[in-house]
Amino acid sequence: MEKLSLGGQLVQYLFTGVTVGSVYGMVALGFNIIYNVTEMINFAQGEFVMLGGLMMVVCAKFLPLPMAFVLTVAIVTAVGVLMERFTINPLKNASVLTLIIVTIAVSILLKGIAMFIWGKDPYVMQPFSGTKPIHLFGAAVQTQILWVLGISAVVVVLLTLFFRKTRYGKAMLACADNLEAARLVGIKVKFMVLLSFALSAAIGAAAGAVITPISLMEYDRGALLGLKGFGAAVLGGLGSFYGAVAAGLILGIVESLCAGLISSGYKDAVGLLVLLLVLFVRPSGLFGSVEASKIKKF
Amino acid sequence: MRRFGKGWRGAATLTFCLVLVWSVVPRLAAAKEPYKVGVVFAVTGGASILGEPEKRTAEMLAEEINKKGGIDGHKLELVLYDDESDETKCVLAVKKLIKTDKVPVIIGPSVSGNTLAVVSECNEAKVPLISCAAAIKIVTPVEDRKWIFKVAPSDSHSVERIYEFLLKKGIKKVAIMTVSDGYGASGREELLRLAPQMGIELLADERYGPKDTDLTAQLTRIRGTGAQALVNWSVGPTQVLAVKNWKDLGMTSMTFVQSHGFASKKNIELAGGAAEGVFCPLGRVNIPELVPANHPQKQVIMAYNEAYQGRFKEPLSAFGGHAWDSLKLAVEALGAVGPDPAKIRDYLENRKNFVGQGGVFNFSPTDHCGLSKNDFEMVVVKNGTWALAQ
C-alpha cells in the first residue's frame, strides 16, 4: 500500500469537510428561514433531511433521477405544510418556547413513522453519476460530492433571488424585520409562516436526497444532522443565510481536519468547541448583526 | 329475559370448564410433573432483532423435545417473559421467574446490559442463568459469577481469530477503526489489549460516531500510516460506509477485516459490490452450507437450519443459535440431574465437548463461556456471498 503525501491527504480532508459542511449548511438554511419568520427553532429540520433521503431511495426505484428528485422534494414539502397546518397553526398566541417543544414532538413522531414504514435498517442508493471516483491532486473524490456541492450552490442562489426579487420573498423578509408592522401593511403573516415551513422542508429534502448515496440513510439519522445544522446556524448567526452556509462549511472542514490530523475521537468535540468559542467572543454569531440579536428573543 | 340469558350463559361456561377440568386432571396426574425452564428474551423493543429469532428457536426446540416424549417423560415447560429490551423489566421478569414460577434454571437475557442487571439476582437466589449475550463481564471475574454462564462468544475470541489470520498472511502492521458506542468500545479494548501479546503493531487507532456520514478522513489518515491491514469494529450503517469509502478511496490493496458484527448478508447487499474481498470472522451457524462435512458442528447446524428455515422462511442468525445452545444445555442438565438448581450448576460447569450452534463448548470452573477463537471461521466476501478464506 503506497503512502499518500501530506498534500494529498489535506486535499482529501478538505473535500470531505466541504461535502459534510455543505449538508450542515443546507440544514442551517432551513432553520434560518423558519426562524426569520417566526423566531422559533424547528427541531424537526433534521427529520426533513431523513425523509428526503428515504423518499429518494423509494422514488429512484421506479422513476428517472430528476423526476425522483422533484417528487421527493414535493412530498417532503407537503409533509412540512401538513406539519405547520396541524401543529403550529392551530396554536393561537402560543409562546415561542411552546412552539419549539411542539417541533420536538413532531420530530419524534416523524422518526417513529419513518421507522414503521422503512424499518430500522439503513438504505443505500447508487450515486447519481457512476461509482468511479475522480482523482484530484492525489485525492480520490466521489462524483456524488460534486452533486452535493452543486445542489447546495443552486439552493443558495435560488433563495437569494427569491428573497431579493419576488413579492413573497420580500414579504417574508418584512415578517423577519417586524412582525407587527408587516401585519399592519397587509402581509398575511400566517401564510408566510406556512410558506417558511414549506421552503425549509424542501431544502431539507434536497439535502437528504443528495447526501444519501454518500452516507446511507436510516430512520434515526435526522437528530444528529439537525443538531450539527443547528450548530452551524448559531455559528453563522441565526437568521443569516450566507452565515449559515459559511458556518456549515467551517464546521465540516474543522471536523474533517481534526479527524484526519489530530484524532477522530475528538472530532465532534472540536466542532462544538469552535461553536462555544465563537459564541463567547461574538454572541450573535460570525455573521449575525449585533443590534438585531439584541431585540430578538433568542 | 336479558338477565336470564346471562345466567344461562354463565352456567354453560361453568359446566364447560368443569368438563374440561374433569377430562384433563386425571391425565396430568398420571404423567410426570413437568420440568420448567425460565426464559427471558428481548422479544420486542430495540433489541428485538436478537430476541425474535431467540424466542422462535426456543419455542421450536421445546415443541420438538415434547413431541419426542419430553425429558425422561417429564414435559418441558417454557416460562417465557419478554423484557421489552428494558433493564428494569428484565430484572422484574427474572425475580418473577425465581420467586413465583420457581424455575430451576433460566436462559437469556438477550443483551449484555440486561444480563449484567440480573447477575446479582441469580447469584443470591442460587439459580443458574445461561445468558445469550456477549460481554466478557457477564462471566468474569468467575468467583463472583458462580451461577452465571453464557453461550455467546466474547470479543476477545473474535479479535484473537482476526490477529491469528493476519499473522498467517504475514501481516503485522495493522490499523484499527472503531465506532464510539458500547460495541466499538468493547472491541477496541480487546484489539488494543491483544495486539502486543500477539505481536501485532498498531499504527492507527481511529474512532467515529455511530451516525457519522463519511469516514474518508479516518481512512485517509490510516492510508498515510502505511498499515498493511485495517480492522473495523462497528455495527449498523457505519460498517457499510467504511467498506464503501475504502473502495472509493482505492484502498483495496489494504486488507480489510470487519468484526463479527458484519455477519448479515444484508450488509453485503448494502455495500453494493464494494464488499468484495472483505474478510470477517463468523460463527459457523451463520454459514451452514460452508461448514466442512467432517466438522463436528456440521450435523447440528444443518438440522437446525432445515427446521428453522422450513418453518420461518428466514436465514439462521447467531442469536437464534444462542437460544438453541442455552436451552439445549438446560434441558440436558435437567435430564441428567433433575430440577435441582445446585446440581444443574455443577453439571453445566463441568460440561465438556458440548457440540452446539455457537461452537464446541468446554466449560470449566474458570471458564463459564466455554468457547474459543476456533469457534470463529474466517470468511471472505466473494461474488456477493460468503466463502471460506484460505
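For the structure, see preceding data.
Here's what I pulled together on the structure shown here. (Residues numbered from 1 in each chain as written. Chains lettered and ligands numbered in written order. Predicted model: local features only at pLDDT ≥ 70, side-chain atom pairs only at ≥ 80, totals over all residues.)

### Remarks on the nonpolar core
Rule in force here: By definition, a nonpolar core groups buried Ala, Val, Leu, Ile, Met, Phe, Trp, Tyr and Cys residues that are joined through C-beta atoms within 7 Å. Remark: C-beta atoms are placed from the backbone, and a residue is labelled buried if 20 or more other C-beta atoms sit within 10 Å of its own, exposed if 12 or fewer do, or partly exposed between those counts. Only DSSP runs of H or I covering at least 4 residues are called helices, and only runs of E covering at least 2 are called strands; the numbering of each starts at the N terminus. Annotation comment: domain bounds sourced from an automatic or database domain assignment. The contact rule is simple: place each C-beta atom from the backbone, and if two of them lie within 7 Å, those residues are in contact.
Counting residues in hydrophobic clusters, the biggest one holds 198 residues, and the most contacted among them are Leu51(A), Ala206(A), Ile106(B) and Ala330(B). Top element by residues in this core is helix α8 (residues 189–215) of chain A. It accounts for 15 residues. No fewer than three residues from each of domain 1 (35–154 + 299–372) and domain 2 (156–289 + 376–388) of chain B sit in this core. Once residues within four sequence positions are removed from consideration, Ile106(B) is found in contact with Gly38(B), Val40(B), Val94(B), Leu97(B), Cys122(B), Val127(B) and Leu129(B).

### Here's the deal with the sheet that holds strand β5 (residues 148–150) of chain B
Residue and element names in this part refer to chain B. Put simply, the rule is: At least two bridges found by DSSP between two strands is the condition for calling them paired. An axis is simply a line fitted to the C-alpha atoms; with a helix, the fit covers only the stretch in contact. Between two such axes, the angle follows the N-to-C directions and lies from 0 to 180 degrees.
Here we have five strands laid out as an open sheet, ordered β2-β1-β3-β4-β5, and parallel in their pairing. Each edge of the open sheet is held by one strand with a lone partner, namely β2 (76–82) and β5. Relative to strand β3 (residues 106–107), strand β1 (residues 35–41) runs parallel, the two being bridged by two bridges. If you follow Val-39 over to β3, its bridge partner there is Ile-107. Against the sheet, helix α2 (residues 48–67) makes contact with β1 and β2, and its axis sits at roughly 165° relative to β2, the strand it touches most.

### Observations regarding the packing of helix α3 (residues 65–88) of chain A against helix α4 (residues 96–118) of chain A
Residues and elements named next belong to chain A. In plain terms, the rule: Just so you know how the angles are binned, under 35 degrees is roughly parallel, over 145 roughly antiparallel, 65 to 115 roughly perpendicular, and the rest oblique. We call a crossing left-handed when the near helix sits turned anticlockwise from the far one by less than a right angle, and right-handed when that turn is clockwise. Polarity classes work like this: nonpolar for Ala, Val, Leu, Ile, Met, Phe, Trp, Tyr, Cys and Pro, charged for Asp, Glu, Lys and Arg, and polar for all others, with Gly in that last group.
Close contact between α3 and α4 brings their axes to 11 Å; oriented N to C, the two are set at 125°. Taken together, α3 and α4 sit at an angle that is classed as oblique. Handedness of the crossing formed by α3 with α4: right-handed. The residues of α4 that touch α3, namely those facing Met-83, Thr-87 and Ile-88, are Leu-99, Val-102 and Val-106. The class makeup of the residues in the contact of α3 with α4 is five nonpolar, one polar and no charged.

### What about the pairing of strand β13 (residues 376–382) of chain B?
Residues and elements named next belong to chain B. Two elements, strand β10 (residues 279–283) and β13, share five bridges in a ladder whose sense is antiparallel. In the strand pairing of β13, Leu-282 is matched with Glu-377. Looking at chain direction, β13 and strand β14 (residues 385–388) are connected through four bridges and run antiparallel. Bridge pairing in β14 places Val-381 opposite Trp-386. Between β13 and β14, which pair antiparallel one after the other, the connecting turn spans two residues, and Asn-383 there sits at a positive phi close to 50°.

### Focus: the interface of chain A and chain B
Often the size quoted for an interface is simply the accessible area lost on bringing the parts together. Contacts between chain A and chain B engage 28 residues on the former and 29 residues on the latter. When contributions to the side of chain A that touches chain B are tallied by element, the ones reaching two or more residues are α1 (6–38), α8 and α10 (241–262) of chain A. With six residues, the top contributor of residues to the side of chain A that touches chain B is α1(A). Residue composition of the side of chain A that touches chain B, grouped by class: 13 nonpolar, 10 polar and five charged.

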